[in-house]
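# Fold and geometry: a report
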Amino acid sequence: MPRAASPPASITYSRYLRLDTLLDCQQLQSVKVRKPAHDEMLFIITHQTYELWFKQILHELDAVLAIMGQPVVPERELGQVLRYLERIAAIQRVLVEQIGILESMTPLDFLDFRDLLAPSSGFQSVQFRHIENRLGLQRTRRVGYNAMSYESALPSDARRRVKAMENRPSLFSLIEQWLARMPFLRFRDYDFWQAYRHNVQAMLAKDRAAIEHNAMLSAQAKTIQLGELDKTRENFETVFDATRYQALVDGGQRRLSYAAFVSALMIHLYRDEPMFHTPFRVLTALVAIDEDLSLWRYRHALMVNRMIGSKIGTGGSSGQEYLQRTVEAHRIFTDYFNLSTYLVPRSMLPVLPEALQRELGFHWHD
Ligand code: HEM
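Residues numbered from 1 in each chain as written. Predicted model: local features only at pLDDT ≥ 70, side-chain atom pairs only at ≥ 80, totals over all residues. Heavy atoms only, no water.

### Examining the overall build of the chain
Check the secondary structure of the chain and you find 17 helices and 2 strands. Relative to the 2.2 N^0.38 estimate, which gives 21 Å for 366 residues, the radius of gyration of the chain is 26 Å and therefore markedly larger than a compact globule would have. Counting only C-alpha atoms and orienting by the principal axes, one finds that the chain spans roughly 80 × 75 × 35 Å. Considering the chain as a whole, with its 366 residues, one finds that 42% of them fall into the buried category. (Helix = DSSP H or I, 4+ residues; strand = E, 2+ residues; numbered from the N terminus. Rg over C-alpha atoms; globule rule 2.2 N^0.38 Å. Buried < 20%, exposed > 50% of the residue type's maximum accessible area, 1.4 Å probe, protein only.)

Pasting the structure below:
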């Protein structure tokens, strides 16, 4: 006869959360060398809190990658992707805010224990590197320092895992492939791209005529304004021509494939169509995540400047100078920010054929 399962040890708040272990993890170096520094507790807890949130972000990202990595992404799972991405952005806002708590430590207080930390540094945060790689930060874009690769600062097993992740599909590449597979760009004999191009050209011709016939403008002002308009037209021309667009990709000015770019633009322009509601919010969430990560990088760099001035970091980098450069260089989803360049007012949008509108809508009212 099978033995009855023994009753589970009663779960308590403390046991469930493993608080004994968790609350034993704050070991102050300054106490160990018998020169207790009051603010070291804050320093440790702040970093540990970050690492816990990083763990949660990775948990969300892995779920998103699993859904988006399917050959066909089931539409009913897209809502989950959106919720996880929006949760990541919500966590990031807390991460940016948290810097303010650490800034309640003054530079002089920090000096009480800073020397005890070398050569450790946030540069060795394995989870931070996993987040960057899962999002899709490319090795070639990384700001180098001391001619060292970013992963050389990590222990060898972590180094292997971080490098392996670089070769797995990232959020950037999976979203790109999903966009490139999007139907609707061509629907029966309707070609969205042709219709959009036609309307953009009409819009630019109207703008040109408005400048040329504006009696309030001097000849010089007209020349300047027409010159600006030519730049706008040129900008549009590069995206109407797949070969010219590819040249931008090859030159590193764009990252998104042409097919994905056109789909993303269509989603933005027609985001009021029910079928595009969630895709639009997914793309918006990517922009928010990228923006929040840049904000964190910027706030962290400012805090570092405030704490250590222009000293080098404990990890050996040029400190604040290196960090400032990463703010711009390590952005991942800039292509989605730049889509706004190609938006046109709703009044200039090609009207979609009725049959296509029906495909993009809800049918319950039929
Ligand atoms: C007094 C507070 C802090 C100072 C002075 C500081 C300083 C620095 C410096 C100088 C670097 C550049 C690498 C180096 O040479 O060490 C760095 C990198 C880094 N720090 Fe901090 N940091 C502080 C707080 C934090 C906190 C609270 C976190 C949260 C996890 C953090 C995470 C990171 C990360 C992830 C990097 C790598 C950034 C990258 O390579 O893009 N730091 N930190």
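That was the structure; now back to the text.
### Here's the deal with the packing of aromatic side chains
Taken as a whole, this structure holds 25 aromatic pairs when the rule is applied. Between phenylalanine 192 and tryptophan 193, the aromatic rings sit 5.8 Å apart at their centres with planes inclined by 45 degrees, giving tilted as the arrangement. For tryptophan 193, a relative accessible area of 14% corresponds to the buried category. The ring of phenylalanine 172 has arginine 255 lying over it, and the distance from NZ or CZ to the ring centre is 3.8 Å. (Phe/Tyr/Trp six-rings, centres within 6.5 Å; stacked < 30°, edge-to-face > 60°. Lys NZ or Arg CZ within 6 Å of the ring centre and 35° of its normal.)

### Describing a nonpolar patch on the surface
Among the surface-exposed residues, Ile11, Tyr13, Tyr16 and Leu17 lie close enough to one another that they form a single nonpolar patch of about 530 Å² accessible area. With respect to the element layout, tyrosine 13 can be found in helix H1 (residues 13-16). Using a relative accessible area of 64% as the deciding quantity, one classes tyrosine 13 as exposed. (Patch = residues over 30% accessible without salt bridge, like charges linked within 9 Å, V, L, I, M, F, W, Y side chains within 5 Å. Areas by Shrake-Rupley, 256 points an atom, 1.4 Å probe, with all protein chains shown as cover. Salt bridge = Lys/Arg side-chain N within 4 Å of Asp/Glu carboxyl O.)

### Examining the environment of histidine 363
Summarising the element assignment, histidine 363 is placed in the segment after helix H17 (354-359). By relative accessible area, histidine 363 is classed as partly exposed at 40%. Each C-alpha atom of the pair histidine 363 and glycine 309 lies 62 Å from the other, and the pair is 54 residues apart in sequence.

### With respect to the coordination of the iron atom of the ligand
Angles between donor atoms at a metal ideally measure 109.5 degrees for a four-coordinate tetrahedral arrangement and either 90 or 180 degrees for a six-coordinate octahedral one. In this structure, the iron atom of the ligand receives exactly one donor atom from the protein: His300 (NE2), at 2.2 Å. Checked against the element boundaries, histidine 300 lands in helix H14 (residues 277-308). (Donors = N, O, S within 2.8 Å, 3.2 Å for Na, K, Ca; no water.)

### Some details on the nonpolar core
Most often, soluble globular proteins have nonpolar side chains that are buried together. Ranked by internal contacts, the top residues of the largest apolar core, which has 105 residues, are Leu85, Leu171, Ile175, Phe192, Tyr196, Phe261 and Tyr336. Considering each element in turn, this core owes the most residues, 14 residues, to H14. If sequence neighbours within four positions are ignored, phenylalanine 261 has contacts with Trp193, Val239, Tyr245, Arg254, Leu256, Leu339 and Tyr342. (Core = buried A, V, L, I, M, F, W, Y, C linked by side-chain atoms within 4.5 Å. Contact = heavy atoms within 4.5 Å.)

### Considering unusual backbone geometry
A cis amide bond links alanine 118 with the next residue in sequence, proline 119, at an omega value of 0 degrees. Position of proline 119 among the secondary structure elements: in the loop between helix H6 (107-111) and helix H7 (126-135). For arginine 34, which is not a glycine, the phi torsion comes out positive at approximately 60 degrees. Assignment of secondary structure puts arginine 34 in the loop between helix H3 (29-32) and helix H4 (40-68). Under the relative-accessibility criterion, arginine 34 is labelled exposed at 75%. Not every positive phi belongs to a glycine, and arginine 188 is a case in point at roughly 50 degrees. Within the secondary structure, arginine 188 sits in the loop between strand S1 (186-187) and strand S2 (190-191). Overall, arginine 188 belongs to the exposed group, its relative accessible area being 68%.

### Some remarks on the packing of H4 against helix H9 (residues 171-180)
At their nearest, the axes of H4 and H9 sit 10 Å apart, and the two run at 30 degrees to each other. Relative to H9, the element H4 is oriented roughly parallel. Crossing of H4 over H9 shows left-handed handedness. Along the contact surface, H4 presents Leu61, Val64, Leu65 and Met68, while H9 presents Leu171, Leu174, Ile175 and Trp178. Of the residues belonging to the contact of H4 with H9, the class tally is 8 nonpolar, no polar and no charged. (Axes fitted to C-alpha atoms, helices over the stretch in contact; angles between N-to-C directions. Parallel < 35°, antiparallel > 145°, perpendicular 65-115°, else oblique. Left-handed = near helix turned anticlockwise from the far one by under 90°. Nonpolar A, V, L, I, M, F, W, Y, C, P; charged D, E, K, R; others polar.)

### Let's talk about the site of the ligand
Within the structure, the ligand sits among 26 residues, and Ser121, His300, Gly315, Ser317 and Tyr322 are positioned closest to it. Take arginine 297: an N or O atom from its side chain is 3.1 Å from an oxygen atom of the ligand. Histidine 300 places a side-chain nitrogen or oxygen 2.9 Å from a nitrogen atom of the ligand. Elements with a minimum of two residues in the shell around the ligand: H4, H7, H14 and helix H15 (320-329). Residue composition of the shell around the ligand, grouped by class: 14 nonpolar, 10 polar and 2 charged. (Near = heavy atom within 4 Å. Polar contact = N/O pair within 3.5 Å; in protein donor to acceptor, adjacent residues only side chain to side chain.)

### Considering the pattern of salt bridges
Oppositely charged side chains may form a pair once their charged atoms are brought near each other. Summed over the entire model, instances satisfying the criterion amount to 22 salt bridges. A salt bridge links arginine 233 to aspartate 230, with the nearest nitrogen and oxygen atoms 3.6 Å apart. With a gap of 3 residues between them, arginine 233 and aspartate 230 both fall in helix H11 (residues 219-240), about one helical turn apart. Residue class for arginine 233 comes out partly exposed when judged on its relative accessible area of 38%. Because the salt bridges share partners, they merge into one network encompassing Arg129, Glu132, Arg142 and Arg297.

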